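# Per-entry structural report
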Amino acid sequence: MELTSVLNQSLTYISSFTLRCAVDLDIAGRIQAYGRPMPLNELARSIPISPEKDMMLGRLMALLVHNEVFAQDEAGYALTPFSKLILTENSNMGAYVRFATEVAFIMMNLKMGEWFKNGDAGSTVFMMLNDGKQFWDIAREKPEFGNSINEAMACHSKQKIRDLVTSYPHIFDGLNSMVDVGGGTGTAAKIIADAFPSLRCTVLDLPHVIEKALESDLINVVAGDMFEMIPSTDAILLNNVLHDWCDEDCVRILKRCKEAIEPRKDGSKVIIVDNILDFENNNPKATETGLLFDIAMMIGHGSKERNKQEWHDLIIGAGYSGYTIYPTRLGVDCVMELYP
């Protein structure tokens, strides 16, 4: 059994790339368009691939079915809740799949051992591979890389923020204004504005990000640096922002947020959506996903995912009087409501 486990963990990366292949071939979209279980030969012709590769496609689909990306019966292949998420018109998590399997991230993982042995503790694997430049420097310098990040983060936000506004509408009760700090192209802010039309939503992000923001009458966009200034508001949203930064920078960001909501009326708050590593979710897959994100943050940003005590230390260290934690139905992220 131990040998099988070694072999399995050595090869699980193949699952990531069969998923990437399914996204690149738009297999989910083709099955949806077919409208009923899709036979292998029909799927192959729709791509299209040469008939000589039909059986090879079947082998690809066998692993994808095993991983519950798709379902299969005698009539053919069908969508599952998983594959519905990668449909373009749904959450389009296919964009996140492409982002997570980019060459830049493959190389970071390949060079992790070298970084541990020879790299500067104050740098990251990403910096070692990019002449000392940080992740956000490359995102600014290379528009195609920046666009990939923006699209992936927007798709990642859709399900989480929809769950947030459905599960915890009281978080937004009584608020007149909210700033989504580091809000990217505005996906999260628009979902919240759609759900709460009386809430004035603003997105704050760097100029090269904001110029790609969604066009919407429901949200305002402001170009700026969260370390320098955050517009005054009733509430601030930090959606998967703080895990990108070290503890010292997180305290600086949280203090800026506190300045922006004070002095304000009762009910002002900071809303954090982020991972809590040791949150009791009874979901081994969610726990593993949090640990995978932690390694990704370490080698990419020099940052980390945090446990409950680490979040407590950040929040209280930034001067907040208290906070409440809410679980989400999506397993990985939690919602934290911070009080000035």
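Residue positions are given per chain, counting from 1 as you read along its sequence in written order. pLDDT decides what is reported in this predicted model: residues at 70 or higher carry local features, side-chain atom pairs at 80 or more are listed and counted, and totals for whole chains, interfaces and linings draw on all residues regardless. Excluding hydrogens and water, the side-chain figures rest on all heavy atoms present in the structure.

An unreviewed UniProt entry lists the protein chain under the name Trans-resveratrol di-O-methyltransferase-like protein, with Carex littledalei given as the organism.

### A short note on the overall build of the protein chain
In this text, helices come from DSSP runs of H or I with a minimum length of four residues, and strands from runs of E with a minimum of two, each type numbered from the N-terminal end. Along the backbone of the protein chain there are 17 helices and nine strands. Taken along its principal axes, the extent of the C-alpha atoms in the protein chain is 70 × 50 × 40 Å. Between buried and exposed lies partly exposed: a residue is buried under 20% and exposed over 50% of the maximum accessible area for its type, with that area taken using a 1.4 Å probe on protein chains only. Within the protein chain, buried positions represent 46% of all 340 residues. Expressed as a percentage of contacts within the protein chain between residues at least 6 apart in sequence, the contacts between residues at least 24 apart total 63%. In what follows, residue pairs with any heavy atoms lying within 4.5 Å of each other are defined as contacts.

### Focus on the packing of aromatic side chains
A pair of Phe, Tyr and Trp rings is counted when the ring centres sit within 6.5 Å of each other, with Trp represented by its six-membered ring. The angle between the planes then sorts it: under 30 degrees is stacked, over 60 is edge-to-face, the rest tilted. Overall, the coordinates contain 12 aromatic pairs when judged by the stated rule. Ring geometry for F126 and F135: centres 5.3 Å apart, planes at 55°, overall tilted. Both a distance and an angle decide whether a charge sits over a ring: NZ of Lys or CZ of Arg must be within 6 Å of the ring centre and within 35 degrees of the ring normal. Cation over ring: R306 sits above W311, and NZ or CZ is 5.7 Å from the ring centre.

### A few points about the nonpolar core
I27, L57, M61, F70 and F145 are the most contacted members of the largest nonpolar core, which totals 40 residues. Counting the residues that make up this core, at least three belong to each of domain 1 (1-90) and domain 2 (145-339). Among all residues touching F70, those that are not within four sequence positions of it are A22, I27, A28, I31, M61, L64, V65, A78, L79, T80 and S83. Residues belong to a common nonpolar core when they are buried Ala, Val, Leu, Ile, Met, Phe, Trp, Tyr or Cys residues joined through side-chain atoms within 4.5 Å. Judged by nonpolar contacts, the second largest core, of 29 residues, contains L238, W245, A318 and M336. An automatic or database domain assignment supplies the residue ranges for each domain.

### As for the UniProt feature "active site" (unreviewed entry) in the protein chain
The sites that UniProt annotates as "active site" (unreviewed entry) are H243. Note on placement: H243 falls in the loop between β6 (235-239) and α15 (247-261). Residue contacts for H243: discarding those within four places in its chain leaves D274, M297, S303, K304, E305 and R306. Between N or O atoms, a polar contact is any pair within 3.5 Å; within protein, one atom must be a potential hydrogen donor and the other a potential acceptor, and residues adjacent in sequence are included only when both atoms are from side chains. Looking at H243, its side chain comes within polar contact range of the side chain of D244, at 3.4 Å. UniProt positions are given in the numbering used here, feature names are shortened, and annotations may be inferred rather than shown by experiment.

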